[in-house]
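# A closer look at the structure
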Amino acid sequence: MEDKKDIRWEKRTRYCGTLRMDDVGKEVVLNGWVQTRRDHGGVIFLDLRDITGLVQVVCNPEVSPTAHAAARQVRSEYVLSCRGMVRARPADSVNPRLATGEVEVVAETVTVINSSLTPPFEIEPGSGVDETLRLRYRYLDLRRPDMQEALVLRSRVTQEVRDFLISRKFLEIETPMLTKSTPEGARDFVVPSRLQPGKFYALPQSPQLFKQLLMVAGFDRYFQIARCFRDEDLRADRQPEFTQIDLEMSFVEPEDVMSLVDEMFAHLFRSVLGVELATPFPRLTWKEAMERYGTDRPDPRWGMEIRDFSALFRETGFKVFRSALEAGGRVRGFKVAGMRSPARRELDGLVDEARRLGAGGLVWVVREGEGLKSPAAKFFSARETEQVVATAGLEEGEVLLLTAGGGELNPVLAGLRSYCAARYAPPSGERFSFTWVTEFPLFDWDEEEKRYKSNHHPFTAPSPGCLENLEEDPLGATSDSYDLVLNGVELGGGSIRIHDPGLQKRIFSILGLSDEEAAEKFGFLLEAFRYGPPPHGGIAFGLDRLVMIMAGRDSIREVIAFPKTQSGSDPLTGAPDIIYPQQLRELRLRPI
RNA sequence: GGAGCCGUGGUGUAGUCAGGUUAACACGCCGGCCUGUCAAGCCGGAGAUCGCGGGUUCAAAUCCCGUCGGUUCCGCCA
């Protein structure tokens, strides 16, 4: 039988990518895949690849005719076992671009363990291949060094997180994947119950309620690298299933959680990337973040802080500003970093961008000598001109952008900051910029449903100072919450939870949840809270986003082994797919 | 639900705006030559009904309509 050749192969003694000058003179056995074959008629060079990298195997007919003959049959991605002697390369054929480039292995035997079809795309660095094709043959895509690096990095991240948290007395505890659908938040993925026809489990959006129950149970500190599911539309940084670093602690205040997290990330970046992070990470309240950056996930690296110019235009002759101020609005703006004496076309680009972001208009101001160049300059008094220059610290040729209006301009200003950062701001020396944003509003007003909704989730504790006026001014209340932002990406967030049943009841009532509804939806948690819940709080981080940023990728699909496309399908397995009528019948389900 | 972009040999692209002979290039693949390459080289070869369907036209990769898939963003989502 032809198959019999497959049961004879030598196990490796070394990994390909690890061979160095120290190994010269050793006999080694390598197992791996053929990256390339260079056939010179006489000598044949094989680049053999495994998880550690590449090494060159030389097949010389004068050294081993059988190895050479075998190498002639070999093609890309064949799986080989090669025995041979490690030898220093001749000085003129050292390859400095290869970690193993000073040595090579002189083949004595070359055994083909498995052949391979010609792969549908070339297994090499870079990803210029159609992503659907990459996903369809993900096991080949994952052979590429950049994908292997990303997943190795991911594994190191989870390991270091585990090591750190366990060293801080956290316990890793699993929570159910088949659980109860909860209202509020995202759409649930749902699993039909066979044993109870017509009833459904939901896959967890997060382990939120379970980790709180673990605190009631007295485990004190919990963590989990937890898979979460949300049936919402996908983005470059959003998959229907994703992974959270989830943790919860008892008897803590926000400060305890944040300082632990500071240390966790400092440890992580030091051990995995060799990067020292300055801790504690800077903190902003939500209000400050909105005021200075126009967004709750600021990237302070670009500078360009938003400032208020209202006072200076109180009496202005410029009608746009005057009327906005009289209507209770403000004049705010920022100086564009890295932009000097721009062409008119670039300024027009800024105005277009502002309109695209929803602004009525945008006033740009360029310092020219003692005066200003601006469409609005002729309406400014000498004093206003002077004060604009002074307040903004405008140097010759620098550009100030001004908008007039209310809070609706925050997204415009934030969008303009990103736009300017991408085009004009000099690259920041800071690779990783962490910022805490704290004291989020406790509630938002949902215009469609005409009711208050929790900004975070209904178990978030109000800030201690807001307890009195909760019912009178729900929108004025802030919470004991904190988000961690990395390079303008929301990495994660958490809060101190409510542990007082009375307060929880008040929150539900503001949310328009009756006792009956609350009991029906969260009854098990409320009941648990009648048995002595400790004060507790926690936080959860998007592992995929974290690894994406650490790996310098643009999409979390690049750091997930088997991700889904934007329509939620997996080109490799063909999921999702129809199921057979028999399965439907068993579940008592019928398509509508 | 909405908007933009992409779809051409196995892969990546050009050609599309301005319709017109045999759809071009690189890589890969196959064969031959070649004993120091590592983006090996040289010679030769195979390989594409231009995502799919319909329409306009003497003529469609190219124009129009629809549709499918991918992707980015808005809505949605913490």
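Residues numbered from 1 in each chain as written. Chains lettered and ligands numbered in written order. Predicted model: local features only at pLDDT ≥ 70, side-chain atom pairs only at ≥ 80, totals over all residues. Heavy atoms only, no water.

### Points about the overall build of chain A
Counted only if it meets this: Only DSSP runs of H or I reaching four residues or more are called helices, and only runs of E reaching two or more are called strands; each is numbered from the N terminus. Whether two residues touch is decided by their heavy atoms; if any such pair falls within 4.5 Å, the residues are in contact. Exposure was quantified through the Shrake-Rupley algorithm and a 1.4 Å probe, taking into account, for residues, occlusion by the shown protein chains and nothing else. Positive charges come from Lys and Arg alone, negative charges from Asp and Glu alone, with His and the N- and C-terminal ends not counted. For charged residues, the charge sits on one atom: NZ in Lys, CZ in Arg, CG in Asp, CD in Glu.
Of the regular secondary structure elements, chain A holds 15 helices and 22 strands. Across its three principal directions, the C-alpha atoms of chain A cover 95 × 75 × 50 Å. For chain A, contacts bridging at least 24 residues in sequence account for 68% of all contacts bridging at least 6. Summed over its atoms, the accessible surface of chain A is roughly 30,100 Å², and 51% of this surface lies on carbon and sulfur atoms. Put simply, chain A has 77 plus and 89 minus side-chain charges, and the middle of one group is 4 Å from the middle of the other.

### Quick word on the packing of helix α9 (residues 344–356) against helix α11 (residues 410–423)
Operational definition: Structural elements are reduced to axes, namely lines fitted to C-alpha atoms, with helices fitted over the stretch in contact, and the angle between N-to-C directions of any two is expressed from 0 to 180 degrees. In what follows, roughly perpendicular refers to angles from 65 to 115 degrees, roughly parallel to angles under 35, roughly antiparallel to angles over 145, and oblique to any angle outside these ranges. In this scheme the handedness of a crossing depends on how the near helix is turned from the far one: anticlockwise by less than a right angle means left-handed, clockwise means right-handed. Three classes are used, and their members are as follows: Ala, Val, Leu, Ile, Met, Phe, Trp, Tyr, Cys and Pro are nonpolar, Asp, Glu, Lys and Arg are charged, and the others, Gly among them, are polar.
Direction vectors running N to C along α9 and α11 enclose 140°, while the axes themselves pass 9 Å from each other. Classified by the angle their axes make, α9 and α11 are oblique. Crossing handedness for the pair α9 and α11: right-handed. Residues G349, L350, E353 and A354 of α9 pack against V412, L416, Y419 and C420 of α11. Of the residues contributing to the contact of α9 with α11, the split by class is six nonpolar, one polar and one charged.

### What to know about the protein's contact with RNA strand B
We apply this condition: Whether a residue is near a molecule or strand is decided by its heavy atoms; if any one of them lies within 4 Å of it, the residue is near. Here a polar contact means two N or O atoms within 3.5 Å. Within protein one must be a hydrogen donor candidate and the other an acceptor candidate, and residues neighboring in sequence count only if both atoms are side-chain atoms.
The environment of RNA strand B is made up of 45 residues, and the closest members are E62, R89, S93, R97 and E104. Sugar plus phosphate, as a fraction of atoms of RNA strand B within 4 Å of the protein: 52%. Within the side chain of R238, one N or O atom sits 2.9 Å away from a base nitrogen of RNA strand B. A distance of 2.8 Å is found between a phosphate oxygen of RNA strand B and a side-chain nitrogen or oxygen belonging to T565.

### Structural notes on the sheet that holds strand β21 (residues 489–496)
As a reminder of what qualifies: The criterion for strand pairing is that DSSP finds at least two bridges linking the strands in question.
Taken in spatial order, the eight strands of this open sheet run β6-β9-β10-β22-β21-β20-β17-β11, and their pairing is mixed. Two strands lie at the open edges of the sheet, namely β6 (171–172) and β11 (283–285), each paired on one side alone. Each of β6, β9 (221–229) and β10 (241–250) is contacted by helix α4 (residues 145–167), which is oriented at about 150° to β9, the strand it contacts most. Across the face of the sheet, helix α7 (residues 286–293) comes into contact with β11 and β17 (434–438) while running at roughly 90° to β11.

### Side note on the packing of aromatic side chains
Rules: Each Phe, Tyr or Trp ring, with Trp reduced to its six-membered ring, pairs with another whose centre is within 6.5 Å; inter-plane angles below 30 degrees give stacked pairs, above 60 give edge-to-face pairs, and intermediate values give tilted ones. Exposed residues in this analysis have more than 50% of their type's maximum accessible area, buried residues have under 20%, and partly exposed residues fall in between, with area computed by a 1.4 Å probe over protein chains only.
Following the criterion strictly, the structure yields 19 aromatic pairs and no others. Between the aromatic rings of F313 and F380, the centroid separation amounts to 5.2 Å while the plane-to-plane angle is 45°, which identifies the pairing as tilted. Within this pair, whereas F313 is found in the loop between β12 (307–308) and α8 (319–326), its partner F380 is found in the loop between β15 (371–373) and α10 (382–392), the two being separated by 67 residues in sequence. The burial state of F313 is the same as that of F380; both residues are buried. Measuring from centroid to centroid gives 5.2 Å for F459 and F522, while their planes differ by 90°, and the two rings are edge-to-face. Here F459 is found in the loop between β19 (451–454) and β20 (481–486), whereas its partner F522 is found in helix α13 (residues 515–528), with 63 residues between them in sequence. For F459, a relative accessible area of 3% corresponds to the buried category.

### Section: helix α6 (residues 254–273)
Every α-helical turn comprises 3.6 residues, leaving residues that sit three or four positions apart pointing alike. Our working definition: Under the convention used throughout, the expected extent of a helix is 1.5 Å for every residue step, that is, one less than its residue count.
An ideal rise of 1.5 Å per residue puts 28 Å on 20 residues; α6 measures up with 28 Å between its terminal C-alpha atoms. In the segment just after α6, G274 is the residue with positive phi, at about 70°.

### As for the nonpolar core
Here is the rule: The nonpolar core is taken to be a set of buried Ala, Val, Leu, Ile, Met, Phe, Trp, Tyr and Cys residues, with the residues joined through side-chain atoms within 4.5 Å. Note that domain bounds follow an automatic or database assignment of domains.
Counting residues in hydrophobic clusters, the biggest one holds 65 residues, and the most contacted among them are V157, F265, F269, F434 and L546. The biggest single contributor to this core is α6, with nine residues. The residues that make up this core include at least three from each of domain 2 (146–280 + 539–586) and domain 4 (440–479 + 500–533). Dropping the residues within four chain positions of it, F434 is found in contact with F265, F269, L277, F281, P282, L484, V485, L486 and L491. With 24 residues, the next largest nonpolar core counts M304, L347, A354 and L401 among its residues.

### Description of the packing of helix α12 (residues 501–510) against α13
One way to put it is that α12 packs onto α13 with a least axis distance of 11 Å and a crossing angle of 140°. One way to sum up the angle between α12 and α13 is to call them oblique. For α12 against α13, the interelement crossing comes out right-handed. Here α12 contributes Q504, K505 and F508 to the contact with α13, which in turn contributes D515, A518, F522 and L526. Of the residues assigned to the contact of α12 with α13, the class counts are four nonpolar, one polar and two charged.

### Structural notes on the side chain of R138
Along the chain, the position of R138 falls in helix α3 (residues 138–141). R138 sits in the buried class, given a relative accessible area of 1%. One polar contact links R138 to D141, side chain to side chain, over a distance of 2.7 Å. Look past the residues within four positions of R138 in its chain and what remains in contact with it is M147, R557, I560, A561, F562, P563 and L572.

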